[in-house]
Amino acid sequence: MKKIMILLSLIVVLVLTGCSKGNNAPDSIAEGSSPIETEEADPTAAAPQYIAEGNYEGDELGIVKTLNLYVKAFYERDHEAFYKTLSKDNYREIDSFKKYFVSMDKLDFSVKPHPTPPEGIKSVVVDYKQKLDDRKDITNEQQIFYFIFEDGSWKLNAIADYWT
């Protein structure tokens, strides 16, 4: 009986610890961020699920951090934050955000796209869910994101639908 009580106590502690971590933005996003909102975010939109940065290291971690900032910029409709995620070659102005990312569900860094990207470009295939402002449903998407190391961090260089 005593062993069962100890086991049940341990399970309760583990569950409570896991629940208390929540699904908030990673610390690297939250620290020092005071976004200048240029559009009002949809108050009914659920906060996105960010990619767990603890599962990555090296270049992959840098890319994941940029993806999290990209997701956050769309959710908060923050033009300034959005532009900071883009490479010089991919810089484009947008008038408004017509979607936001609900979650980035699967990242595959092992895909070798064809044609082979230029030297210094890293790619990742991303399965994600998104919500378009003019639709009620959430759609599942898959695209390849290309990144380049620029000005001390990984920047989004391009996004494509086909990679083979």
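Structure: see above.
Cut-offs applied
Residues numbered from 1 in each chain as written. Predicted model: local features only at pLDDT ≥ 70, side-chain atom pairs only at ≥ 80, totals over all residues. Heavy atoms only, no water. Helix = DSSP H or I, 4+ residues; strand = E, 2+ residues; numbered from the N terminus. Buried < 20%, exposed > 50% of the residue type's maximum accessible area, 1.4 Å probe, protein only. Areas by Shrake-Rupley, 256 points an atom, 1.4 Å probe, with all protein chains shown as cover. Phe/Tyr/Trp six-rings, centres within 6.5 Å; stacked < 30°, edge-to-face > 60°. Pairing = 2+ DSSP bridges. Core = buried A, V, L, I, M, F, W, Y, C linked by side-chain atoms within 4.5 Å. Contact = heavy atoms within 4.5 Å. Lys, Arg positive; Asp, Glu negative; His and termini not counted. Salt bridge = Lys/Arg side-chain N within 4 Å of Asp/Glu carboxyl O.

Q: I tried to follow the overall build of the protein on my own but got confused; where do I start?
A: Helix and strand counts for the protein stand at four helices and four strands. Each helix (α) and strand (β) of the protein, taken in turn from the N terminus, gives the series α-α-α-α-β-β-β-β. For the protein, buried positions account for 36% of its 164 residues. About 10,500 Å² of surface is accessible on the protein, with carbon and sulfur atoms providing 54% of the total.

Q: What's the story with the packing of aromatic side chains in this structure? I'm lost.
A: Two descriptors summarise a pair of aromatic rings, namely the distance from one centre to the other and the angle between the planes of the rings. Inspection of the entire model under this criterion finds 14 aromatic pairs. Plain terms: the ring middles of Tyr70 and Phe82 are 5.9 Å apart, the flat faces sit at 35° to each other, and that makes the pair tilted. Of this pair, Tyr70 sits in helix 3 (residues 58-76) while Phe82 is found in helix 4 (residues 79-84), placing the two residues 12 residues apart along the sequence. No difference in accessibility class separates Tyr70 from Phe82, as the two residues are buried.

Q: What am I meant to see in the pairing of strand 2 (residues 121-132) here?
A: As a general feature of sheets, a regular strand has side chains that alternate between the two faces. Here strand 1 (residues 99-108) pairs with strand 2 via eight bridges, running antiparallel. Note on strand 2: the bridge partner recorded for Lys99 is Leu132. Examined bridge by bridge, strand 2 and strand 3 (residues 138-150) share 11 bridges and lie antiparallel to one another. Following the sheet pairing, Lys131 is matched in strand 3 by Ile138. Between the end of strand 2 and the start of strand 3, which pair antiparallel, lie five residues.

Q: Can you walk me through the nonpolar core in this structure?
A: Note on soluble globular proteins: their nonpolar side chains tend to be buried together. Judged by nonpolar contacts, the single largest core of 26 residues is most densely connected at Leu67, Val124 and Phe145. Put simply, the parts of the chain that give this core at least two residues each are helix 3, helix 4, strand 1, strand 2, strand 3 and strand 4 (153-160). For this core, the element with the most residues is helix 3, which contributes seven residues. Those residues in contact with Val124, other than ones at most four positions away along the chain, are Ile63, Leu67, Leu107, Asp108, Phe109, Gln143, Ile144, Phe145 and Phe147. Among the nonpolar cores identified, the runner-up in size contains six residues, and Val111, Ile121, Ile144 and Tyr146 belong to it.

Q: I would appreciate a short explanation of the environment of Arg92 in the present structure.
A: Note on placement: Arg92 falls in the loop between helix 4 and strand 1. Among the residues examined, Arg92 registers a relative accessible area of 33% and is labelled partly exposed. Beyond its immediate chain neighbours, meaning those up to four positions away, Arg92 contacts Tyr70, Phe82, Tyr83 and Leu86.

Q: Is there a simple way to think about the side chain of Lys155 in this case?
A: With respect to the helices and strands, Lys155 occurs in strand 4. Although buried, Lys155 forms no salt bridge, and the nearest oppositely charged side chain, Asp151, lies 5.7 Å from it. In this view, Lys155 contacts Thr66, Lys84, Thr85, Leu86, Ser87, Tyr146, Phe147, Ile148 and Glu150; residues no more than four positions away in its chain are not counted.

Remember that the coordinates give geometry; whether it matters functionally is a separate question.
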